[in-house]
Amino acid sequence: MTPVLAADPPPAPLPLPASASLKIATRPAGTRIVVVVSGEIDIDTEQTVQTALRLALARSSDGLDLDLAGVGFCDCSGLNALLRVRRIALADGKTVAVRALSAEVDRLFTLTDTSSLFDPGRPPADAVVNAWRGPSATTHDLMEEYGVSDEAEELRVEVVQLKRAMLTRPVIDLARGVLMASFGLSPEDAWNVLVAVSQHTNTKLHQLAEQLVDSVNGAPLPDHLQRRISLAVTEISRPA
């Protein structure tokens, strides 16, 4: 009689703070843990992502396999969270591999030249260094030989932030120009209006900027954004 193989269990949601824009679930896969992430990874959700990955990493023997196919947005904050967890994994002789990714994440990895760091075929640091130097190598030595010293990692994070800023800055500058021309604001006041509206409407700054720029070309600006912009301009123009 042919044995029936049990299917992998469905991903189980982690007990993390609720977020309408982010979902994270895990499932065991042999000595590794598969982590399925969907939604948006940004400054608002990076801590949740990092906590989830660290919890999963602690439960695994060999590391994590990430499924990021459902991630619709990821900025430098999200990528930095992945890099930090990767560094923790390497220190423990584990790996963090990306098995599936969305077009948005793929574009970010390509622009920041970080895709190779999450290559599924990349061995853990201790496997590489111990083959050269023997099992007596310390964690610090392992990480330095493998090119993930604290200094190198911090530099990589800074480069990621700069490159992402270069991608989003033009549209934000255009949006500031729209506000300056429309309401006679200074560059600083226009920036403060953008930030205030972004926070009060729970709209990503770059998305708000894109909508403002599109409105100049005839695309309608949602009513709630129009009201909040008018209120923010009134408040910032009020005499001290």
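Residues numbered from 1 in each chain as written. Predicted model: local features only at pLDDT ≥ 70, side-chain atom pairs only at ≥ 80, totals over all residues. Heavy atoms only, no water.

**Observations regarding the overall build of the protein**
Piece 1. From N to C terminus, the protein includes 9 helices and 5 strands.
Piece 2. Taking all 240 residues of the protein together, the buried fraction comes to 41%.
Piece 3. For the protein, long-range pairs separated by at least 24 residues make up 63% of all intrachain contacts whose partners lie at least 6 apart in sequence.
Piece 4. As displayed, the protein has an accessible area near 13,000 Å², and 55% of this comes from carbon and sulfur atoms. (Helix = DSSP H or I, 4+ residues; strand = E, 2+ residues; numbered from the N terminus. Buried < 20%, exposed > 50% of the residue type's maximum accessible area, 1.4 Å probe, protein only. Contact = heavy atoms within 4.5 Å. Areas by Shrake-Rupley, 256 points an atom, 1.4 Å probe, with all protein chains shown as cover.)

**What to know about the packing of helix α7 (residues 187-201) against helix α8 (residues 205-216)**
Piece 1. Between α7 and α8, whose axes approach to 9 Å, the crossing angle comes to 115°. Our classification of the angle between α7 and α8 gives roughly perpendicular. Of the two possible hands of crossing, α7 and α8 adopt the one that is right-handed. Packed against α7, whose contacting residues are Trp191, Leu194, Val195, Val197 and Ser198, the element α8 presents Leu205, Leu208 and Leu212 at the interface. (Axes fitted to C-alpha atoms, helices over the stretch in contact; angles between N-to-C directions. Parallel < 35°, antiparallel > 145°, perpendicular 65-115°, else oblique. Left-handed = near helix turned anticlockwise from the far one by under 90°.)

**Let's talk about the confidence of the model for the protein**
Piece 1. Per-chain confidence: the protein averages 77 in pLDDT, with 71% of residues scoring 70 or above.
Piece 2. The low-confidence segment residues 1-7 (pLDDT under 50) makes 0 contacts with residues lying over four places distant or belonging to another chain.
Piece 3. A low-confidence stretch, residues 125-148 stays under pLDDT 50, and its non-local contacts, those more than four residues away or across chains, total 34 contacts. (pLDDT = per-residue confidence, 0-100.)

**Observations regarding the pairing of strand β4 (residues 63-74)**
For a regular strand, the rule is simple: side chains alternate between the two faces of the sheet.
Piece 1. Where strand β3 (residues 32-41) and β4 come together, 9 bridges link them in parallel fashion. Within β4, the position partnered with Ile41 by the bridge is Cys74.
Piece 2. The parallel pair β3 and β4 is bridged by helix α1 (residues 46-59), and the resulting crossover is right-handed.
Piece 3. Between β4 and its parallel partner strand β5 (residues 95-101), the chain crosses via helix α2 (residues 76-91), and the hand of that crossover is right-handed. (Pairing = 2+ DSSP bridges. Right-handed = clockwise from strand over helix to strand, strands pointing away.)

**A closer look at helix α3 (residues 103-112)**
Piece 1. Burial in α3 covers these residues: Val105, Leu108, Phe109 and Thr112. For α3, the angular spread of the buried residues around the axis is 100°, confining them to a single face. Projecting away from the buried face of α3 at angles above 90 degrees are the exposed residues Ala103 and Thr110.
Piece 2. Backbone geometry just after α3 places Asp113 at a positive phi near 55°. (Arc of directions from axis to C-beta.)

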